[in-house]
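These are the residues of each chain, in order.
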Amino acid sequence: MALPSYASPVQRTYYYFYLFFCTVVFFFLIAPLFAIIPISFSVSPFMVFTEGMLAWPPDPEAWSIRWYRNMIGDCSADVVSSTVPCSTKWMKGTVNSFYIGIIATVIATALGTLAALGLSRPHMPYKGLIMAILISPMIVPLIITAAGMFFFYARINLVYTFTGVILAHVALATPFVVITVTATLVGFDMNMVKAAQSLGAKPMRTFFKVIMPLILPGIISGALFAFITSFDEVVIVMFMASIDQLTIPKQMWAGIRQEISPVILCMATCLVLLSIFLLTTVEVLRRRSEKLRGIKAR
Amino acid sequence: MEVPISTAELLTTDGIPLKQSLRKAERRNKLRAFLLVFPLLLFIFVTFVMPIGDMLLRSVDDSQINSVFPNTFDEYKNWDKGADELPPEEVYKSLFFELANGDKRQIGKALTRMNYAKSGWKSLIKKTTREIKKIVKKGEEPVSYKDTFININKLWADPTYWYSFNQMVKDRSSIYYWNALDRTFDEDGDVVLQDEKRRMYIKTWLRTFKVSIYVTIFCLILGFPVAHLLANLPLRYSNLLMIFVLLPFWTSLLVRTTAWIVMLQQNGVINGILVWLGVISDDGRIQMVYNEVGTLIAMTQILLPFMILPLYSVMRVIPKSHMRAAQNLGAKPVTAFLRVYLPQTIPGISAGGLLVFVLAIGYFITPELVGGKDGKLIGSWIAYHLKTTLNWGLCAALGAILLGIMLIFYWLYNKIVGIDNIKLG
């Protein structure tokens, strides 16, 4: 995309303006996420860059990990402040988030993979309609889903229970699994299944020995999507979860609403790192999957 | 040797006609495919489709109050409002007994419903019920039920209270939908505007559309050049830069919203930089969050990847030679861009635009947190009625209208892009 050597000065100006504009947009996309990381290491209980943090040479007094210690439930005197009390809620939220997220992921991945296998068969009847129903939880705004589920689950006594929250999260997460695994199955060579079957393998054996190893990267990506969907979900838990089902997003929501505390930024930093990790994993898996299926890398 | 050609039907080894056998195999294959999808379909139906359907039913449901005051409502329908100023004696009589003998909890629920129709009902009925119970305890039988009511509280002689029954006397009612559009029923059951101070939904609907359109336009302006750059760079670089687009996509919504509060608040990062640069003075810090500006900035950043990704996938397959060919034929770069390149990106623009718009009108978390008072969208009202006022009928009606609008746009999206072409990353 370099500028041709015969470009006129006007074209050059345009071109450099264009590059500058794109840089600004990239900055706009990414800067807020990274701005919070240094602030989370501040000594001050306010979510700002303090004088000491900006001073040169750096002032070690201005930096600390006290809010991280607060986050993991350490209640020493130097950790709490008048505005930031010590609480075990963050750790409780983390445990709950992983508990709900992992169970929801397992169920969503199993159901979603099965459905994707069915949808990819050439004989599938009413494919368009079924696909539309299956991915509808992803499309309907969360606040509508939350309202509907709250009314309905209240009737069958599932609000304020883990079961209710997990069921809701599975419903929200399966579309991601279905879409990812279906995409992996595009271009899947069905002759391999026929070969396995003609050699005498039963359907289960064919799945585990032939299909699954080939589409495993897709399944894992789908599972990661499902996990992050459940892990980050806040609207459903706001209405359907009691204090017993406190998750990280629910606690962050409460934190932003009531007591703005730097501990939120510590958790946010952890979540940014988690998302970097997940993004990298999914990218690696995507490339591997394309290699496995013999599609040339983009 | 000559091969004998059979004129008879082709048979399988079992002796069944081949056609029939193939059809059977086909049917079995269909069934197998369906059985694989069935568990998820059933699951989504029970955990998701039924709740949404339940919500839609609830938005027109008015049966609870009808089960509490069945006789009163029956008699009420006989009232000729043109002839008599107040309802006939029978209405008062039925109400007397239904209040005296009714289940306290059910009446309580019905009162909440009546208060939506006209504020003041709750306290009036509560006071009246107390008095009625005293009368019943004494074992007296009133001569005129109408006079008894009016003696208890003179508001019972005010016909406007009685007029508000109009919107409740049917099991199914469209009143919540009209409420969601700032309308109500008058004494004759005609649709009229609400009182000035109760009109707030039309304003919010309009703001929701305005914010969504602005966000879509901003996303297009910011996303188009970026998608173009990504599509035209060598893969090595574009894959790297793609991380900038995908990372926000993978990061928790709350983290991004928190980040924007930190950036935009009065002593936040951006104000700090502006003061340091000397653009504004220390007391002239700009309020950029907890208002509509904050909502616009945060939502644009959050929804930008949904614009860039469809644009990118369309632009990547536009051959670079087209622009060169146009310029070779004498078109100026601007003309070549407008007449050759831009028309080819229309599918991407419409896909991205629709996606961003549809996501924006349903947004709730970000406007609620950074929107302050004047930046809230319709989602906030749904949450408010769901959690705070417990006016679930209105909540469901607002949700149903929003859902209807979304479905129209998704139908458009499906026409243009195809809903099963959604890709992630």
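Engineer: Explain the overall build of chain A to me, and be specific about the residues and the numbers.
Structural biologist: Counting secondary structure elements, chain A contains 12 helices and zero strands. Beginning at the N terminus, the succession of helices and strands in chain A can be written as α-α-α-α-α-α-α-α-α-α-α-α. A globule of 298 residues ought to have a C-alpha radius of gyration of about 19 Å, yet chain A, at 24 Å, is considerably larger. Referenced to the eigenvectors of the C-alpha coordinate spread, the extents of chain A come out at roughly 75 × 70 × 35 Å. Residues classed as buried in chain A amount to 43% of the 298 residues present. Sequence-distant contacts in chain A: of pairs separated by 6 or more residues, those separated by 24 or more amount to 70%.

Engineer: Tell me about the overall build of chain B, and name the residues and values.
Structural biologist: Of the regular secondary structure elements, chain B holds 19 helices and two strands. Against the globule reference of 22 Å for 425 residues, chain B gives a C-alpha radius of gyration of 32 Å, more extended than a compact globule. Principal axes of the C-alpha set define a box for chain B whose edges measure 105 × 95 × 40 Å. Taken over 425 residues, chain B has a buried fraction of 38%. Intrachain contacts of chain B at a sequence separation of at least 6 include 67% that bridge at least 24 residues.

Engineer: Explain the domain arrangement of chain A residue by residue, including any values.
Structural biologist: Residues and elements named next belong to chain A. Assigned domains within chain A: domain 1 (9-71) and domain 2 (89-292). For domain 1 and domain 2, the distance between their C-alpha centroids amounts to 32 Å. Listed by partner, the interface residues are 12 residues for domain 1 and 11 residues for domain 2. Of all the elements in the fold, those that place two or more residues in the side of domain 1 that touches domain 2 are α1 (9-40) and α3 (66-71). Sort the elements by how many residues they give to the side of domain 1 that touches domain 2 and α1 lands first, with five residues. Broken down by class, the residue content of the side of domain 1 that touches domain 2 amounts to nine nonpolar, three polar and no charged.

Engineer: Explain the interface of chain A and chain B to me, using residue names and the numbers behind them.
Structural biologist: Between chain A and chain B, the residue contacts involve 76 residues of the former and 78 residues of the latter. When residues of the side of chain A that touches chain B are assigned to their parent elements, the largest contribution, 14 residues, is made by α1(A).

Engineer: Residues and numbers for the packing of helix α4 (residues 89-120) of chain A against helix α11 (residues 248-257) of chain A, please.
Structural biologist: It is at 7 Å that the axes of α4(A) and α11(A) come closest, and there the two elements cross at 145°. In this structure, α4(A) contributes Lys89(A), Trp90(A), Gly93(A), Thr94(A) and Ser97(A) to the contact, and α11(A) contributes Ile248(A), Lys250(A) and Gln251(A).

Engineer: How would you sum up the domain arrangement of chain B? Please name residues and give values.
Structural biologist: Residue and element names in this part refer to chain B. When cut into domains, chain B gives domain 1 (12-60), domain 2 (63-173) and domain 3 (201-421). For domain 1 versus domain 3, the distance between C-alpha centres works out to 38 Å. In this assembly, four residues from domain 1 lie in contact with six residues from domain 3. A breakdown of the residues in the side of domain 1 that touches domain 3 according to their chemical character gives two nonpolar, one polar and one charged.

Engineer: I'd like a rundown of the nonpolar core, residues and numbers included.
Structural biologist: Judged by nonpolar contacts, the single largest core of 170 residues is most densely connected at Ala115(A), Ala147(A), Ile236(A), Met240(A), Met267(A) and Leu303(B). Residues contacting Ala115(A), with those up to four places away along its chain left out, are Leu134(A), Val178(A), Leu36(B), Val37(B) and Leu40(B). Of all hydrophobic cores here, the second largest spans 20 residues; its members include Leu99(B), Trp121(B), Trp156(B) and Phe165(B).

Engineer: Outline the packing of helix α14 (residues 292-315) of chain B against helix α16 (residues 333-361) of chain B, listing residues and values.
Structural biologist: Residues and elements named next belong to chain B. Packing of α14 against α16 leaves a shortest axis separation of 8 Å and a crossing angle of 155°. Classified by the angle between their axes, α14 and α16 sit roughly antiparallel to one another. For the element pair α14 and α16, the recorded crossing hand is right-handed. For the pair α14 and α16, contact is made by Met299, Leu303, Phe306, Met307, Pro310, Leu311, Val314 and Met315 and by Thr345, Pro347, Gly348, Ile349, Ala351, Gly352, Leu355, Val356, Leu359 and Ala360, respectively.

Engineer: Talk me through unusual backbone geometry; I want residue IDs and the actual numbers.
Structural biologist: Residue and element names in this part refer to chain B. One non-glycine residue, tyrosine 290, adopts positive backbone phi at about 65°. Residue tyrosine 290 is classed as partly exposed on the basis of its 19 C-beta neighbours within 10 Å. Phi at leucine 390 takes a positive value of approximately 60°, unusual for a residue other than glycine. Checked against the element boundaries, leucine 390 lands in the loop between α18 (378-389) and α19 (392-416).

Engineer: With reference to specific residues and values, describe helix α4 (residues 89-101) of chain B.
Structural biologist: Residues and elements named next belong to chain B. End to end, α4 covers 19 Å across 13 residues, agreeing with the expected 18 Å (1.5 Å per residue, within 8%). Burial in α4 covers these residues: Val91, Tyr92, Ser94, Leu95, Phe96 and Leu99. Residues of α4 that are buried sit in contact with α3 (70-76), α6 (121-138) and α7 (145-152).

Engineer: Let's hear about helix α5 (residues 127-139) of chain A: which residues, and what values?
Structural biologist: A rise of 1.5 Å per residue sets the reference length of α5(A), with its 13 residues, at 18 Å; its end C-alpha atoms lie 18 Å apart and thus fit the reference within 8%. Maximum bend of α5(A): about 30°, positioned at Ile133(A), with proline Pro137(A) one to four residues after it. Along α5(A), the residues that are buried comprise Ile130(A), Met131(A), Leu134(A) and Pro137(A). Taken together, the buried residues of α5(A) touch α4, α6 (142-155) and α7 (162-185) of chain A together with α1 (18-60) of chain B.

Engineer: Give me the environment of Glu292(B): which residues, what numbers.
Structural biologist: Considering the arrangement of structural elements, one finds Glu292(B) in helix α14. Among residues more than four places away in sequence, those in contact with Glu292(B) are Asp374(B) and Gly375(B).

Engineer: Any chance you could break down the environment of Tyr116(B) for me, citing the residues and the numbers?
Structural biologist: Take Tyr116(B): it is sitting in helix α5 (residues 104-117). Residues Tyr116(B) and Tyr176(B), spaced 60 residues apart in sequence, show a C-alpha to C-alpha distance of 9.7 Å.

Engineer: Account for the confidence of the model for chain B, naming residues and giving values.
Structural biologist: All names here are of chain B. Here chain B averages 86 in pLDDT, while 96% of its residues score no lower than 70. Put simply, helix α8 (residues 159-163) is where chain B has its lowest mean pLDDT, 82, and helix α10 (residues 201-232) is where it has its highest, 94. Interface scoring of the predicted complex returns ipTM 0.88; its pTM is 0.87.

Engineer: Can you tell me about the environment of Asn166(B), naming the residues and giving the values?
Structural biologist: Residues and elements named next belong to chain B. Here asparagine 166 lies in the loop between α8 and α9 (175-180). Take asparagine 166: there are 20 C-beta atoms within 10 Å of it, and that puts it in the buried class. Here the alpha-carbon distance between asparagine 166 and glycine 353, two residues 187 residues apart in the chain, equals 44 Å. Setting aside its immediate chain neighbours within four residues, asparagine 166 contacts Phe185, Glu187 and Gly189.

Conventions adopted
- Residues numbered from 1 in each chain as written.
- Chains lettered and ligands numbered in written order.
- Predicted model: local features only at pLDDT ≥ 70, side-chain atom pairs only at ≥ 80, totals over all residues.
- Helix = DSSP H or I, 4+ residues; strand = E, 2+ residues; numbered from the N terminus.
- Rg over C-alpha atoms; globule rule 2.2 N^0.38 Å.
- Buried ≥ 20, exposed ≤ 12 C-beta atoms within 10 Å, placed from the backbone.
- Contact = placed C-beta atoms within 7 Å.
- Domains from an automatic or database assignment.
- Nonpolar A, V, L, I, M, F, W, Y, C, P; charged D, E, K, R; others polar.
- Axes fitted to C-alpha atoms, helices over the stretch in contact; angles between N-to-C directions.
- Core = buried A, V, L, I, M, F, W, Y, C linked by C-beta atoms within 7 Å.
- Parallel < 35°, antiparallel > 145°, perpendicular 65-115°, else oblique.
- Left-handed = near helix turned anticlockwise from the far one by under 90°.
- Expected span 1.5 Å × (residues − 1).
- Bend = angle between axes of the 7 residues up to and from the residue.
- pLDDT = per-residue confidence, 0-100.

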